[in-house]
Amino acid sequence: MCRLLAYLGQPVTLEDILYKPEHSLIVQSYQPREMTSGVVNADGFGIGWYHHQKHTPPFTYKNTLPIWNDLNLPHLSRYVESQCILGYVRSATPGQALDFANCQPFHHEQQLFIHNGYIENFRPSLYRKIRNQLTPDCYDYINGSTDSEHIFALLLSQGEINQQIFAEDALHNTLVILLQMAKLYEVRVCANIVFSDGHGLIASRFSSTTPGPSLYWLKDDLKFPQSVIIASEPLFTGNWTACPENSIISVGEDRDIQIKSI
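Residues numbered from 1 in each chain as written. Predicted model: local features only at pLDDT ≥ 70, side-chain atom pairs only at ≥ 80, totals over all residues. Heavy atoms only, no water.

A. The packing of aromatic side chains, seen in detail. According to the stated counting rule, one finds eight aromatic pairs in the structure shown. Between Tyr 7 and Phe 224, the aromatic rings sit 5.9 Å apart at their centres with planes inclined by 65 degrees, giving edge-to-face as the arrangement. Residue Tyr 7 is found in strand β1 (residues 3–13), and its partner Phe 224 is found in strand β10 (residues 224–231); the two are separated by 217 residues along the sequence. Considering the side-chain rings of Trp 49 and Phe 59, the 6.0 Å spacing of their centres and the 20 degrees angle between planes classify their relative orientation as stacked. (Phe/Tyr/Trp six-rings, centres within 6.5 Å; stacked < 30°, edge-to-face > 60°. Helix = DSSP H or I, 4+ residues; strand = E, 2+ residues; numbered from the N terminus.)

Right, dumping it as structure tokens:
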């Protein structure tokens, strides 16, 4: 069940956040500690980051290889520096294709999106139901076949339908819709999500049944001062806080953290 992380704070290199921590995302790809399903995350990966200049679209680097087999990433990671980084290693749901269209992060305009979780029996259960909730534009954004990308399209649709609401409210509405569908069609939905516009982070720890997938946050650690990290598993020894089950975590540009129940 995939592993993810997000960083917001003072500019750091990708190497600082991806490779140097003792239980880094690289290590979690082959030796995770808190996965509730699966053993390794060997079905591809993706990294997204923002340039420090405002209004610059995000950059992504993806591969269908296991992250430990990508020979270019270590070199790229020493060069790229950013104040906002999202990373993801994939453990594909059985039956889902291993191709670039299904690699996260997904992005649209300024938004980057990563998801750890699943919709049970997605294709026969909620595939068409979610598509019926999408705006025409968001329907056309979907390129792959994953439940993750459909959840992102649903989130974007909520933002289009209710353009005056905040991003965390759009995520709340999205999760409520998924919860209602899960109950109606008697399937399990897990949706640990992080998305960003480069200036803040919005995350959720959510599952229609408990316990949900693990998610933690850490603020202003000595190794990463003036920063917030959100991750599936702690990257190193520190004052990590487990995100409450069924909650939304908002991190502002000033790195202020707000947590609300779903």
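Once you've had a look at it, read on.
B. Highlighting the sheet that holds strand β12 (residues 247–251). Taken together, six strands build an open sheet; the order of strands is β5-β6-β7-β8-β12-β13 and the sheet is antiparallel. Unpaired on one side and paired on the other, β5 (106–108) and β13 (257–261) mark the two borders of the sheet. Neighbouring strand axes in the sheet, compared pairwise and without regard to direction, differ in orientation by 20 degrees on average. Sheet topology note: the strand β6 (residues 111–119)/strand β7 (residues 189–196) ladder contains eight bridges and is antiparallel. Paired with Tyr 118 across the two strands is Cys 190, which belongs to β7. The strands touched by helix α7 (residues 147–161) within the sheet are β5, β6 and β7, with β6 carrying the most contacts at an inclination of about 125 degrees. (Pairing = 2+ DSSP bridges. Axes fitted to C-alpha atoms, helices over the stretch in contact; angles between N-to-C directions. Contact = heavy atoms within 4.5 Å.)

C. Fine view of the pairing of β7. Among the eight residues in β7, eight count as buried, and that is most of the element. Alternating residues of β7 divide into Val 189, Ala 191, Ile 193 and Phe 195 and Cys 190, Asn 192, Val 194 and Ser 196, and every residue in both groups is buried. Where β7 folds back on strand β8 (residues 201–205), the antiparallel hairpin that results is connected by four residues, among which Gly 198 adopts a positive phi of roughly 95 degrees. (Buried < 20%, exposed > 50% of the residue type's maximum accessible area, 1.4 Å probe, protein only.)

D. Quick look at the packing of α7 against helix α8 (residues 167–185). Where α7 contacts α8, the axes come no closer than 9 Å and their chain directions differ by 125 degrees. Judged by the angle between their axes, α7 and α8 are oblique. Of the two elements, α7 crosses α8, and the hand of that crossing is right-handed. Contacts between α7 and α8 pair Ile 151, Leu 154, Leu 155, Gln 158 and Gly 159 from the former with Ala 170, Leu 171, Asn 173, Thr 174, Ile 177 and Leu 178 from the latter. (Parallel < 35°, antiparallel > 145°, perpendicular 65-115°, else oblique. Left-handed = near helix turned anticlockwise from the far one by under 90°.)

E. Quick peek at α8. Taking 1.5 Å per residue as the helical rise, α8 with its 19 residues ought to reach 27 Å, and the 27 Å between its terminal C-alpha atoms agrees with that figure. If you check which residues of α8 are buried, you get Ala 170, Leu 171, Thr 174, Leu 175, Ile 177, Leu 178, Met 181 and Ala 182. Looking straight down α8, one finds its buried side chains confined to an arc of 155 degrees; they lie on one side. α8 presents Gln 180, Lys 183 and Leu 184 as exposed residues on the side facing more than 90 degrees away from its buried surface. Contact partners of the buried residues in α8: β6, α5 (127–131), α7, β7, β8 and β12. Once α8 ends, the next one or two residues include Glu 186, with phi positive near 55 degrees. (Expected span 1.5 Å × (residues − 1). Arc of directions from axis to C-beta.)

F. Representation of a negative patch on the surface within the structure. Residues Asp 197, Glu 253, Asp 254 and Asp 256 make up a contiguous surface patch of negative charge. Within the secondary structure layout, Asp 254 lies in the loop between β12 and β13. When its relative accessible area of 58% is taken as the criterion, Asp 254 is described as exposed. (Patch = residues over 30% accessible without salt bridge, like charges linked within 9 Å, V, L, I, M, F, W, Y side chains within 5 Å. Areas by Shrake-Rupley, 256 points an atom, 1.4 Å probe, with all protein chains shown as cover. Salt bridge = Lys/Arg side-chain N within 4 Å of Asp/Glu carboxyl O. Lys, Arg positive; Asp, Glu negative; His and termini not counted. Charge placed at Lys NZ, Arg CZ, Asp CG, Glu CD.)

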